[in-house]
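Architecture at a glance
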Amino acid sequence: MSEGLVARIESYGVYDGPGIRTVVFLKGCPLRCQWCSSPETQHRGQEYYYGEDSSKGELVGRYMSVEEVVEVVKQDMTFYNQSGGGVTLSGGEVLSQAKFSAEILKRCQEEYIHTAIETSGYGSWGNFKQVLEFTDLVLFDIKHLDSNKHLEVTGVENTWIIDNLRRAAQLNKEMIIRIPVIPGVNDSKENISQTAQLAQELGIKEVHLLAYHSLGREKYARLDREYLLENLESPSDEKMNYLKKLVESKGIKAQIGG
Amino acid sequence: MKDKVYQIQSPRVEKLRESVLSKRPGVCIERARYITEAYQENEAAPIYLKRAKAVEKILQNMSIYIKDGELIVGNQASDERTAPIFPEYAVEWMEAEIEAEGNFDKRSGDNFHLPKEHIDELLELVQYWKGKTLHAKCYQLLPDEVKKASKVKVIHGEGNMTSGDGHIVPDFEKVLDKGLEGIIAEAQAELEKLDLGEVDAIRRKAFLEAIILTNKSVMNFAKRYAQLAKDQVEEVADPTIKEELIKIAELCERVPAKAPRNFYEAVQTIWFIHLVLQIESNGHSASLGRVDQYLYPFYKNDIEEGTITKEFVKELLECLWIKLFSIIKLRPTSHAGYGAGYPTYQNVTIGGQNAQGKDETNELSYLILESVAEMKLTQPNLSVRVHTNSPERFLREAAEVIKAGYGMPALHNDEIIIPSLLDKGVSYEDAYGYTMVGCVEVAVPGKWGYRCTGMTFLNMLKALELTLNDGVDPRTGYELFKGQGNLNDFRSFDQLWKAWEAHIAYYTKLSVIVDHVADTQLEELVPDILCSSLVNDCIKRGKTVKEGGAIYDMVSGLQVGLANVANSFASIKKYIFEEKSLKAEELMESLANNFAGDRGQFIKKMLLDAPKYGNGDDYVDQLAVAAYKTYMNQIKNYKNTRYGRGPIGGNYYMSTSGISSNVPMGTVTGATPDGREAEKPTAEGASPTQGTDVKGPTGVLNSVTKLPTMMITGGQLLNQKFPPELVAGERQFDRFVSFIKAFINLKAWHVQFNIVSSKTLRAAQHNPEEYRDLIVRVAGYCAQFVTLDQKTQDDIIARTEQKF
Ligand code: SF4
């Protein structure tokens, strides 16, 4: 069985899928979203994370075997049973460690643990398919429909992503599109309604709108990196509600928050 | 989903609540005055009758009042929130405190004001009691080594020698069924059966006569209120108040002498009984039991007949809660820290199931829940019994009240408590009928002796400190248990463990000695007659509860600091014996100087980084289990003073319910290998050490449920902090309810939630060490609050204030 690099494992996860979940954050992501609230998971390798006094860094990233991860996940079985929860693989990017991810998900499914992935959709279809086979619920992040804009704010184009979204939709998996709502970046009426439109076309029934927050900001300093959105404010409640209505007008179920 | 807002609806209740809350806690001399007179007049009487006469005299003479708007009447002392004095338990400390401070109102914590004009009288009364009190007599009996251990504070038993037992639920159902006249008739019948020529008959006669006298005194006490109400009718003009007073007069003419006929009379009945129990003895945690069960027939009947409204039921309940809150106890400062905030732990239990496994929640359970939530007082201590078939509505409404954020109700789990009781030999029917007493202890109402949760505290962390120091207490220099060696001497973890076992065996024994000393003296000097008459089978056996009158009598010791002990062992095991990255000498040195200097701080950080109990980590959790079993294997060999005298049990089990004792127990303990600084509090009950359960709420439950809970029938205490974002909004609230269901399924004993407020978050900014366990979760983001920079912390505080 393979080993993978895990940034951290969070119990009582409540924003990435139904019920009480254990969220496994894998390390390594090919994207560089400006708003990313977990920059410590981006780099594909172990790295140090410094505290205020910068004396002793905390090592982020641990190599774990599939079984080790599954053991941790299994500890909270009672909580999944009572809440309809399960495991969510998140990132970083799940598709960057596709084989490892697929194996974890497979093992969890064998234990009748509900499986979900949270993905940017950026990866080869072969990798994606491999992971999807053992996934009950896909939380698919769509950041922007305009590929140029996408490139500008995440560092990659979206062609691969949209392509994967279309293909995945054909598999009849339970799928939710998640849009991080970043003011001035992707919160235009046009972008959101086009995304909802696409969901409708592909038969995806649900869209979640996640309001930008700046809480990840402090992590950048600890990684000795620059935070580009220093002065950006979270979108207002009115704005979020407006976007929600917009999505709903396409006949799509919408929700604010995960 | 709209958050439920709990607001008092009755202006009367609002006013009464305001009055009791604004009262400065006081001390009342009257009880001390009348009990002294009664003792002096009855020096030659057998102790039972002496006690009965004392209660009679107090109830005849103490000031009584009916406040404007009160629906339920009966007062403990000359005013609400005013503590009576119980000189028969201990007086020396009162004299000392008055001589030193002039009053009881100079205390840093809970203070009490004694009116100036009564100070001289109190000092005079004290003279009569000196040398005659429970405390004085216990002290005579205490072996020197126990005294020494008490000074070191590896054990603490002060509370049992300066006050009565408390921790009991009498048979309220019986009183509701036949009134005190019924109790008197029972005693009378036994008296008539007595053949005075038989062994022990003379003693029994005195006991039964005392029961009759005391019950009559309670009946007459109620009649005083009837008379007072009649007198007050003449004085008031307001027709509504007139009418209410006439009603009160009518009530008090009837109950508690006769069986109540309706809900109102039933509430007044239980209050009179509960009240006089707290005038008879100053023990705390006298509890009301399963109120929603025994009051339900009255409620149902009145509602069906249309003679009462739900609003009025709630008003009556709220008046009762105010009465409970009005009761306070004056305790010596030496014990005050063991339960801070004027606690009286008057428990009310609702919900649960019957022996057929059928849920017993009813409409009254919901009204009780709601009324307690509206009052936002610290009394009663509300407990909810939950199980796998608890109705969804009940779980949700309980969760809703918890969410309102003042720590109540506590949840107690039938799924472990009932099997645990069955395992101890409690009958099937009785086990299902259990109630909470005080905070987390359990008992069968009306059938169980005092203090199912122990008397004497065992400071496990101090025991560990002594183990590391070859039995010499670094703080006082006292030598307690020498010869096992100190940490530098141990060649392996095994050797350390052997020493730990030897130390625990020794202190366990000392703690039992303290219990026995207190028990024998409580039995001889201060029998509670009213209480004994309401606990089965005292009347039939002709014995007080303390003499073995109760059907069940099992008690536990109280252990404090388990999490710190487990964490300390984990550090030692890992760094000293496995990794060998730290030398024993070096550790001992930095503990001795409280982590002074750079090296000390480095070692402290290292110790804090070691595995910690409360995160589901087997490495340390199994050490907690083993450390606890060490104690369990000792205590199970001991018996209490009722053994073989009638009750089922007569033995010991364990409890981790040590209320706020974690503070004083920590004060006397130096720095410890879990990275805890000297004098800092220990962990509470079975909860993880403050700030070390960084894996979130599921990890805590996973750790706690590894303990041998089934054997900890004395009760297990678990406090959990929940950030507000995890209960706010429909989706998170649903998860919170599922978390409670998981708690039930995991068979944990008890849990109480503190919903973190922005105030707490601010405290955490200033005191990060103590709040390492605060985890904030915001979509896509999760972090330990105290590790964030200030700006982010401020952001989160702002969010908490706005949204949640
Ligand atoms: S895809 Fe997710 S993990 Fe990757 S950079 Fe974007 S926000 Fe961060």
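Every value quoted in this text rests on a predicted model; they were computed, and no experiment measured them.

Re the overall build of chain B
Looking only at helices and strands, one finds 33 helices and 16 strands in chain B. By the compact-globule yardstick of 28 Å for 804 residues, chain B fits well, its C-alpha radius of gyration being 27 Å. The principal-axis extents of the C-alpha atoms in chain B amount to approximately 80 × 65 × 55 Å. Within chain B, buried positions represent 65% of all 804 residues. Partitioning the intrachain contacts of chain B with sequence separation of at least 6 by distance along the chain shows that 78% fall at a separation of at least 24.

Description of the overall build of chain A
Scanning chain A from N- to C-terminus turns up nine helices and eleven strands. Here chain A has a C-alpha radius of gyration of 18 Å; the compact-globule value for 258 residues is 18 Å, and the two agree. Principal-axis analysis of the C-alpha atoms places the extent of chain A at approximately 45 × 45 × 35 Å. Scored against the burial criterion, the 258 residues of chain A give a buried share of 60%. In chain A, 69% of the contacts between residues at least 6 apart in sequence involve partners at least 24 apart. Accessible surface, chain A: about 10,600 Å² in total, of which carbon and sulfur atoms supply 46%.

Some remarks on the site of the ligand
The ligand sits among Cys29, Leu31, Cys33, Cys36, Gln42, Gly92 and Lys143 of chain A. When grouped by side-chain class, the residues that make up the shell around the ligand number four nonpolar, two polar and one charged.

Let's talk about the pattern of salt bridges
Scanning all chains against the criterion turns up 78 salt bridges over all chains. One salt bridge in this structure joins Arg107 of chain A and Glu111 of chain A, with 3.2 Å as the shortest N-O distance. Classification of Arg107 of chain A by relative accessible area gives buried; the value is 13%. For Glu111 of chain A, a relative accessible area of 28% translates into the label partly exposed. Linking Lys300 of chain B and Glu304 of chain B is a salt bridge whose minimum nitrogen-to-oxygen distance equals 3.6 Å. Of this pair, Lys300 of chain B and Glu304 of chain B both sit in helix α14 (residues 296-305), four residues apart, which is roughly one turn of the helix. What makes Lys300 of chain B partly exposed here is its relative accessible area of 38%. When salt bridges that share partners are traced, they join Asp165, Arg451, Asp519, Lys546, Asp553 and Arg642 of chain B into one network.

Overview of the side chain of Gln232 of chain B
Residue and element names in this part refer to chain B. Summarising the element assignment, Gln232 is placed in helix α10 (residues 201-235). Within polar-contact distance, the side chain of Gln232 engages the backbone oxygen of Ile66 at 3.4 Å. Every residue in contact with Gln232, bar those within four places of it in the chain, is listed here: Ile66 and Leu245.

Overview of a nonpolar patch on the surface
All names here are of chain A. Together, Tyr48, Tyr50 and Leu59 line one region of the surface with nonpolar side chains, adding up to about 300 Å² of accessible area. Relative to the elements of secondary structure, Tyr50 occurs in the loop between β3 (47-49) and β4 (58-60). Since its relative accessible area comes to 36%, Tyr50 is described here as partly exposed.

Focus: the pairing of strand β13 (residues 719-722) of chain B
Residues and elements named next belong to chain B. Going residue by residue along β13, you find Gln720 and Phe722 tucked away on one face and Asn719 and Lys721 left uncovered on the opposite face. In this structure, β13 lies alongside strand β14 (residues 750-755), joined through four bridges in parallel fashion. Note that in β14 the partner of Phe722 across the bridge is Ile755. Taking the sense of rotation as the criterion, the β-α-β connection linking β13, helix α31 (residues 730-745) and β14 turns out right-handed.

As for the sheet that holds strand β5 (residues 62-65) of chain A
All names here are of chain A. The nine strands are arranged β5-β1-β2-β6-β7-β8-β9-β10-β11 in an open sheet whose pairing can be described as mixed. The two strands at the open ends of the sheet, each matched to only one other strand, are β5 and β11 (253-256). Adjacent strand axes in the sheet meet at a mean angle of 30°, parallel and antiparallel pairs treated alike. Looking at chain direction, strand β1 (residues 3-13) and β5 are connected through four bridges and run antiparallel. When the sheet's bridge partners are listed, Glu3 is paired in β5 with Ser65. Helix-sheet contacts for helix α3 (residues 98-110) involve β1, β2 (21-26), β5, β6 (86-90) and β7 (114-119), and the interaxial angle to β7 is about 155°.

Digging into helix α1 (residues 11-22) of chain B
All names here are of chain B. Between its terminal C-alpha atoms α1 stretches 16 Å, which fits the 16 Å expected from twelve residues at 1.5 Å a residue. Among all positions in α1, only Arg12, Val13, Leu16, Arg17 and Val20 are buried. Each buried residue of α1 sits inside an arc of 125° when the element is viewed along its axis, so together they form one side. Exposed side of α1, more than 90 degrees from the buried face: Pro11, Lys15 and Ser22 are the residues found there. The secondary structure elements touched by the buried residues of α1 are α11 (239-254), α15 (310-326) and α17 (363-375).

So, helix α32 (residues 758-766) of chain B
In an α-helix, one turn spans 3.6 residues, which is why side chains three or four residues apart end up on the same side. All names here are of chain B. Inspection of α32 places Ser758, Leu761, Ala764 and Gln765 among the buried residues, and these make up the whole buried set. Mapping the buried residues of α32 onto a view down its axis gives an arc of 110°, with all of them on the same face. Exposed side chains of α32 directed beyond 90 degrees from the buried face belong to Lys759 and His766.

Things to note about the packing of aromatic side chains
Pairs of aromatic rings are described using the distance from one ring centre to the other and the angle between the two planes. Going through the model one piece at a time under the given rule, you end up with 36 aromatic pairs over all chains. A ring pair is formed by Phe79 of chain A and Phe739 of chain B, whose centres lie 5.5 Å apart and whose planes are at 20°; its orientation type is stacked. You can see Phe79 of chain A sitting in helix α2 (residues 77-83) and its partner Phe739 of chain B sitting in helix α31, one on each of two chains. Taken individually, Phe79 of chain A and Phe739 of chain B each receive the classification buried, so the pair is uniform in this respect. An aromatic cluster is built from Tyr12 and Phe79 of chain A together with Phe722, Phe736, Phe739 and Phe753 of chain B, whose rings are joined through pairwise contacts. The cationic tip of Arg81 of chain B hangs over the ring face of Phe325 of chain B; the distance from NZ or CZ to the ring centre is 4.0 Å. If you follow Lys132 of chain B out to its NZ or CZ, it ends over the ring of Tyr128 of chain B, 3.9 Å from the centre.

A closer look at the packing of helix α1 (residues 66-74) of chain A against α3 of chain A
Residues and elements named next belong to chain A. Between α1 and α3, the shortest axis-to-axis distance is 10 Å and the interhelical angle comes to 45°. Compared by their axis directions, α1 and α3 come out oblique. Our pair here, α1 against α3, has a crossing hand that is right-handed. The residues of α3 that touch α1, namely those facing Val66, Glu67, Val69, Val70 and Val73, are Phe100, Glu103, Ile104, Arg107 and Cys108. Here the residues of the contact of α1 with α3 are counted per class, giving seven nonpolar, no polar and three charged.

Side note on the domain arrangement of chain B
When the domains of chain B are assigned, the result is domain 1 (28-163) and domain 2 (757-804). Each of domain 1 of chain B and domain 2 of chain B was reduced to a C-alpha centroid, and the two centroids are 46 Å apart.

Considerations on the interface of chain A and chain B
Each partner contributes to the interface: chain A provides 32 residues, whereas chain B provides 36 residues. Contact between chain A and chain B buries roughly 3,000 Å² in total, counting both sides, with carbon and sulfur atoms accounting for 49%. Between chain A and chain B we count zero salt bridges in total. There are twelve residue pairs in polar contact (both at pLDDT 80 or more) connecting chain A and chain B. Only β1, α2, α8 (217-222) and β11 of chain A provide two or more residues apiece to the side of chain A that touches chain B.

Brief notes about the sheet that holds β13 of chain B
Residues and elements named next belong to chain B. Pairing is mixed across the open sheet formed by five strands, whose spatial order is β4-β5-β6-β14-β13. Unpaired on one side and paired on the other, β4 (347-351) and β13 mark the two borders of the sheet. Taken pair by pair, the neighbouring strands of this sheet meet at an average axis angle of 30°, ignoring direction. As judged from the two bridges shared by strand β6 (residues 410-413) and β14, these two strands associate in the antiparallel manner.

Scoring rules and cut-offs
The residue numbers shown here count from 1 along each chain, following its written sequence. Lettering of chains starts at A and numbering of ligands starts at 1, both following the order in which they are written. Local features in a predicted model are, by the rule used here, given only for residues with pLDDT of at least 70; side-chain atom pairs are given and counted only at 80 or more, and totals for whole chains, interfaces and linings are based on all residues. Hydrogens and water molecules were not included; the side-chain quantities draw on all heavy atoms of the structure. Going along the chain from the N terminus, every DSSP run of H or I of four or more residues is numbered as a helix, and every run of E of two or more is numbered as a strand. The size measure is the radius of gyration over C-alpha atoms, and the globule rule it meets is 2.2 Å times the number of residues to the 0.38 power. A simple rule labels every residue: compare its accessible area, found with a 1.4 Å probe on the protein chains alone, to the largest value its type can have, and call it buried under 20%, exposed over 50%, or partly exposed in between. Here, residues are in contact when the closest pair of their heavy atoms is within 4.5 Å. Computed with a 1.4 Å probe, the accessible areas rest on the Shrake-Rupley method; for each residue, only the protein chains presented here act as cover. Being near a molecule or strand, for a residue, comes down to having at least one heavy atom within 4 Å of it. All amino acids are sorted into three groups, where Ala, Val, Leu, Ile, Met, Phe, Trp, Tyr, Cys and Pro are nonpolar, Asp, Glu, Lys and Arg are charged, and the leftover types, Gly among them, are polar. Salt-bridge detection follows one rule: a side-chain nitrogen of Lys or Arg within 4 Å of a carboxyl oxygen of Asp or Glu. Here a polar contact is recorded for every N or O atom pair within 3.5 Å, except that within protein the pair must consist of a potential hydrogen donor and a potential acceptor, and residues adjacent in sequence are included only if both atoms are side-chain atoms. Exposure above 30% relative accessible area and the absence of a salt bridge qualify a residue for a patch, where like charges join within 9 Å and nonpolar side chains (Val, Leu, Ile, Met, Phe, Trp, Tyr) within 5 Å. In this description, strands pair whenever DSSP reports at least two bridges between them. By definition, the crossover connecting two strands over a helix is right-handed if that path, from the first strand to the second, turns clockwise as seen with the strands pointing away from the viewer. Only the contacting stretch of a helix is used when fitting its axis, a line to C-alpha atoms as for every element, and angles between N-to-C directions run 0 to 180 degrees. A helix is expected to reach a length of 1.5 Å times the quantity of its residues less one. As used here, the arc is the angular range of directions from the helix axis to the C-beta atoms. Whether two aromatic rings pair depends on their centres lying within 6.5 Å, for rings of Phe, Tyr and Trp, where Trp uses its six-membered ring; planes under 30 degrees apart make the pair stacked, over 60 edge-to-face, and the rest tilted. Geometrically, a charge over a ring is one whose NZ (Lys) or CZ (Arg) sits within 6 Å of the ring centre while staying within 35 degrees of the ring normal. In what follows, roughly perpendicular refers to angles from 65 to 115 degrees, roughly parallel to angles under 35, roughly antiparallel to angles over 145, and oblique to any angle outside these ranges. Each helix crossing is assigned a hand: it is left-handed if the near helix lies turned anticlockwise from the far helix by less than a right angle, otherwise right-handed if that turn is clockwise. The domain limits used here are those given by an automatic or database domain assignment. Simply put, the buried area is the total loss of 1.4 Å probe accessible area from both parts when two parts are fitted together.

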